[in-house]
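Summary of the model geometry
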Amino acid sequence: MRNLSFPHVEAVELLARQTADFQTAAASLTDMELLAASRCHGWSALDVVVHVRMGLEEMAIGAARVDDEPSHDAASYWVDHPDDRGDDPVSHILWLRRVASSYGRPSAAVRHLEDVARSAKAVVRSMSEGAVEFQGKRMLSGDFLATWVVELAVHQLDLGIEQDAPCGIEWARRTLEAIAEADLPAGLDDRSAVLVSLGRVPASSPLRLPAPYPVSL
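Residues numbered from 1 in each chain as written. Predicted model: local features only at pLDDT ≥ 70, side-chain atom pairs only at ≥ 80, totals over all residues. Heavy atoms only, no water.

A look at the packing of aromatic side chains
Applicable threshold: Stacked, tilted and edge-to-face are the three classes assigned to paired rings of Phe, Tyr and Trp, where Trp is represented by its six-membered ring and a pair needs centres within 6.5 Å; plane angles under 30 degrees give stacked, over 60 edge-to-face, the rest tilted. Working definition: helices are DSSP H or I runs of at least four residues, strands are E runs of at least two. Numbering for both runs from the N terminus. When accessible area is computed with a 1.4 Å probe and restricted to protein chains, residues below 20% of their type maximum are described as buried, those above 50% as exposed, and intermediate ones as partly exposed.
In total, this model carries 4 aromatic pairs according to the counting rule given. Seen from their ring centres, Phe134 and Trp148 are 6.1 Å apart, and the 75° between their planes marks the pair as edge-to-face. Note that Phe134 is positioned in strand 2 (residues 131–134) and Trp148 in helix 6 (residues 141–158), a separation of 14 residues in sequence. Exposure class is identical for Phe134 and Trp148. Each is buried. Members of the aromatic cluster, each reached through a chain of ring pairs, are Phe134, Phe144 and Trp148.

Section: helix 7 (residues 169–180)
In an α-helix, one turn spans 3.6 residues, which is why side chains three or four residues apart end up on the same side. To be explicit about the condition: Every helix has an expected span of 1.5 Å times one less than the residues it contains. The contact rule is simple, with two residues in contact once any of their heavy atoms fall within 4.5 Å.
Over its 12 residues, helix 7 runs 17 Å from end to end, which matches the ideal 16 Å to within 8%, given 1.5 Å per residue. Across the 12 residues that make up helix 7, a large majority, 10, are buried. Those residues of helix 7 that sit buried are Ile169, Trp171, Ala172, Arg173, Thr175, Leu176, Glu177, Ala178, Ile179 and Ala180. On the buried face of helix 7, the contacting elements are helix 1 (8–27), helix 6 and helix 8 (190–197). Glu181, located one to two residues past helix 7, shows a positive phi value of around 55°.

What to know about the pairing of strand 2
Put simply, the rule is: Strand pairing requires that DSSP identify at least two bridges connecting the strands.
The sheet contact formed by strand 1 (residues 64–66) and strand 2 spans 3 bridges and is antiparallel. Bridged to Val66 within strand 2 is Ala131. Following strand 2, the chain reverses through 2 residues before pairing antiparallel with strand 3 (residues 137–140); Gln135 in that reversal takes a positive phi of roughly 55°.

Description of the sheet that holds strand 3
Defined as follows: Interaxial angles span 0 to 180 degrees and are taken between N-to-C directions of axes, which are lines fitted to C-alpha atoms, for helices over the stretch in contact.
One open sheet holds the 3 strands; their spatial order is 1-2-3, and the pairing between them is antiparallel. For this open sheet the edge positions go to strand 1 and strand 3, each flanked by a neighbour on one side alone. For this sheet the average axis-to-axis angle between neighbouring strands, irrespective of direction, equals 40°. Across the face of the sheet, helix 6 comes into contact with strand 2 and strand 3 while running at roughly 105° to strand 3.

Some remarks on the side chain of Ser44
Structurally, Ser44 is set in the loop between helix 2 (31–34) and helix 3 (45–62). Excluding its chain neighbours within four sequence positions, the residues that come into contact with Ser44 are Leu34, Leu35, Ala36, Ala37 and Ser38.

Quick word on the packing of helix 3 against helix 5 (residues 106–126)
Helix-helix packing: each pair is described by the crossing angle between the helix axes and the interaxial distance. Heads up, the rule is: Should an angle lie under 35 degrees it is considered roughly parallel, over 145 roughly antiparallel, and from 65 to 115 roughly perpendicular; all remaining angles are considered oblique. Here a crossing is taken to be left-handed if its near helix is turned anticlockwise relative to the far helix by less than a right angle, and right-handed if that turn runs clockwise.
The N-to-C vectors of helix 3 and helix 5 enclose an angle of 25°; their axes lie 9 Å apart at closest approach. Classified by the angle their axes make, helix 3 and helix 5 are roughly parallel. For the pair helix 3 and helix 5, the crossing hand works out as left-handed. Contact residues: Leu46, Val49, Val50, Val52, Arg53, Leu56, Glu57, Met59 and Ala60 in helix 3; Pro106, Ala109, Val110, His112, Leu113, Val116, Ala117, Ala120, Val123 and Val124 in helix 5.

A look at the pattern of salt bridges
Which entries qualify depends on this criterion: Basic side-chain nitrogens of Lys or Arg form a salt bridge, by our definition, when they fall within 4 Å of a carboxyl oxygen of Asp or Glu.
In the structure shown here, the tally under the stated rule is 10 salt bridges. A salt bridge links Glu162 to Arg39; the shortest N-O distance between them is 3.3 Å. Of the two residues, Glu162 sits in the loop between helix 6 and helix 7 while Arg39 sits in the loop between helix 2 and helix 3, which places them 123 residues apart along the sequence. The structure contains a network of salt bridges with shared partners spanning Arg39, Glu162 and Arg191.

So, in structure tokens, the structure goes:
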């Protein structure tokens, strides 16, 4: 795995923009569109919105400043990610569906996301540069925030909206290339590169991705 780090100030600004970008995309969907399947297997678009909302809540309250040296960077964070459920993700998928179904209408989940995102952006903008611990992993603050840029950019694509690429898509591509230790084809635009490298869409012939693609986050 390649080392990968991002500067704190740039990460703060890009995460604020990417959070707003995801909110706009989610708010553009009708209730019926939110109930449709997303690009993330087993999840509806509503499930994606709820997953992101819960993630932003955890991000806003879960990072603690530390003086110890970082143990992970913006790429190695994704190894042994807490969302991994081994070879059987079914229980997590069904749990997320139950949480999402607690809303009276899908649009209520989008409004809840907006409230949480407002608080999360305030926390991000007030964060000082340094090392933080999150989910048992120590990272520089720029790398920590970069993981959330990537998370939101990928899940914005998962909503399945045909629109311009998310503003954080370049960082998502760089992260995937660092994890795989292999560059994606230069002729592949960032949006397509991320979707193909994650296995969200099949690679079109005659395109062949180097091993070990597809990878997961």
